[in-house]
Every structure is written in C-alpha cells, then in structure tokens.
Amino acid sequence: MGKIRAFTPGGLQTMLSKIVQINVMAGGNTSSITTLGEDLAAFAELVTEELRGKRDNALCVSCVLPVAGWVRDGPSGYPYRLDVLAEGITGRDRAEVVLEPSSQDTARKCALCPSCETLDGRIRFWATSIPAADIAAEYWIEKGRE
C-alpha cells in the first residue's frame with residue numbers, strides 16, 4: 001500500500017476503502033491481516049506526525065490595529081480596510097486574532113469585522129468606520145500546507 005495523505009480531501013476515505021479491501025481479501029489469510037495491522041500502524045504514525053506539525057505551528061504575536069492607515073476600499077458592509085504587517089505569513093496561512101479586553105469597546109464602536117484575511121506578509125482587517133483609538137490584539141498563525 002502506498003503512502004496516503006489522510007488530511008487531504010478524500011485521503012481518509014481512501015484509507016478506509018483500503019482497510020475494507022484488505023479485510024475482504026483476508027478471508028482468514030493471516031498475512032493479509034498482518035498487512036492490515038502494519039497499514040494501521042503506519043496510518044497512526046501519519047496522524048501523529050500531522051497533528052504534531054499543526055500543534056508546533058502556532059505562534060503568538062502582539063499587534064496593534066492603529067487609527068492611521070485605514071483605506072476606504074473595503075467590501076460592502078465593511079468599507080474600511082487595514083493591512084497589518086505580519087512577517088513570515090502567507091496567503092495559505094490562517095490567523096486567529098484575539099482583541100485585548102481594553103480594546104473591545106473601540107472595536108465594537110467601529111464595527112470591526114469578526115474575520116480577517118491572510119496575505120503574503122500581512123493580515124487584512126475590515127470595519128464599518130475608522131476606530132477612534134488604536135486596537136490592541138494578539139494573533140496566532142497556523143501555517144498552511146501546499
């Protein structure tokens with residue numbers, strides 16, 4: 001059995017199909033059952049490797065969404081946009097942003113969009129108006145995979 005990427009679309013389904021196929025083929029043949037056990041052990045190693053990689057990719061960074069720098073060219077509903085520099089981030093990555101408690105009221109008043117977008121070297125935010133004060137936040141990056 002070749003290497004199967006379980007965390008790709010269809011990867012887990014392929015793995016399960018192979019397990020069923022081996023089980024049907026086994027029909028009492030112990031070498032096929034041994035192969036199934038070896039494949040399951042290899043699968044467990046792949047899952048462990050994938051999960052370890054995801055856990056190790058989190059990086060917490062403090063940032064500020066300043067009053068200056070907002071541009072009026074955002075999408076409907078959130079006409080203002082701000083790009084915050086984020087070294088090492090790519091468009092494939094995911095950013096989880098958490099606002100500091102002291103900035104919650106400011107973010108609410110400018111109707112800061114609850115989602116953001118990652119681009120090469122920056123994180124993009126949107127709001128319905130420019131905030132009255134800087135917004136303090138932290139973000140965690142989960143590195144994307146090709």
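Residues numbered from 1 in each chain as written. Predicted model: local features only at pLDDT ≥ 70, side-chain atom pairs only at ≥ 80, totals over all residues. Heavy atoms only, no water.

Caption draft 1: The sheet that holds strand β3 (residues 80-85), seen in detail. Taken in spatial order, the 4 strands make up an open sheet running β2-β3-β6-β5, and their pairing is antiparallel. What marks the edges here is a single partner per strand, and that holds for β2 (71-72) and β5 (117-119). As paired elements, β2 and β3 share 2 bridges and run antiparallel to each other. Bridge assignment links Val71 to a residue of β3, and that residue is Arg81. (Pairing = 2+ DSSP bridges. Helix = DSSP H or I, 4+ residues; strand = E, 2+ residues; numbered from the N terminus.)

Caption draft 2: Spotlight on the pairing of strand β6 (residues 122-127). By the criterion of burial, β6 is predominantly enclosed, with 5 of the 6 residues buried. With 6 bridges joining them, β3 and β6 adopt antiparallel strand pairing. From the neighbouring strand, Leu85 faces β6, where its bridge partner is Arg122. Pairing geometry for β5 and β6, over 3 bridges, is antiparallel. Residue pairing for β6: Leu119 is matched across the bridge by Arg122. Here β5 folds back onto β6 in antiparallel fashion, the turn holding 2 residues, of which Gly121 has a positive phi close to 80°. (Buried < 20%, exposed > 50% of the residue type's maximum accessible area, 1.4 Å probe, protein only.)

Caption draft 3: How the structure looks around the layout of surface pockets. There is about 220 Å³ of room inside the largest pocket. Lining of the largest pocket is provided by 15 residues; of these, Val97, Cys113, Pro114, Ser115 and Cys116 occupy positions nearest its centre. The set of elements that each furnish at least two residues to the lining of the largest pocket consists of β4 (94-99) and β5. For the lining of the largest pocket, the element with the most residues is β4, which contributes 6 residues. Residue composition of the lining of the largest pocket, grouped by class: 9 nonpolar, 2 polar and 4 charged. (1 Å grid on protein atoms, 1.4 Å probe; cavity = no way out; pocket = protein on both sides within 12 Å on 5 of 7 lines; lining within 4 Å. Points joined across faces, edges and corners; volume = space filled by probe spheres on them. Nonpolar A, V, L, I, M, F, W, Y, C, P; charged D, E, K, R; others polar.)

Caption draft 4: A look at the side chain of Thr106. Residue placement: Thr106 occurs in helix α3 (residues 104-109). If we skip the residues at most four places from it in the chain, Thr106 touches Pro131, Ala132, Ala133 and Ile135. (Contact = heavy atoms within 4.5 Å.)

Caption draft 5: Just the environment of Asp105, in detail. Take Asp105: it is sitting in helix α3. Between the C-alpha atom of Asp105 and that of Ala133, which follows or precedes it by 28 residues, the distance is 10.0 Å.

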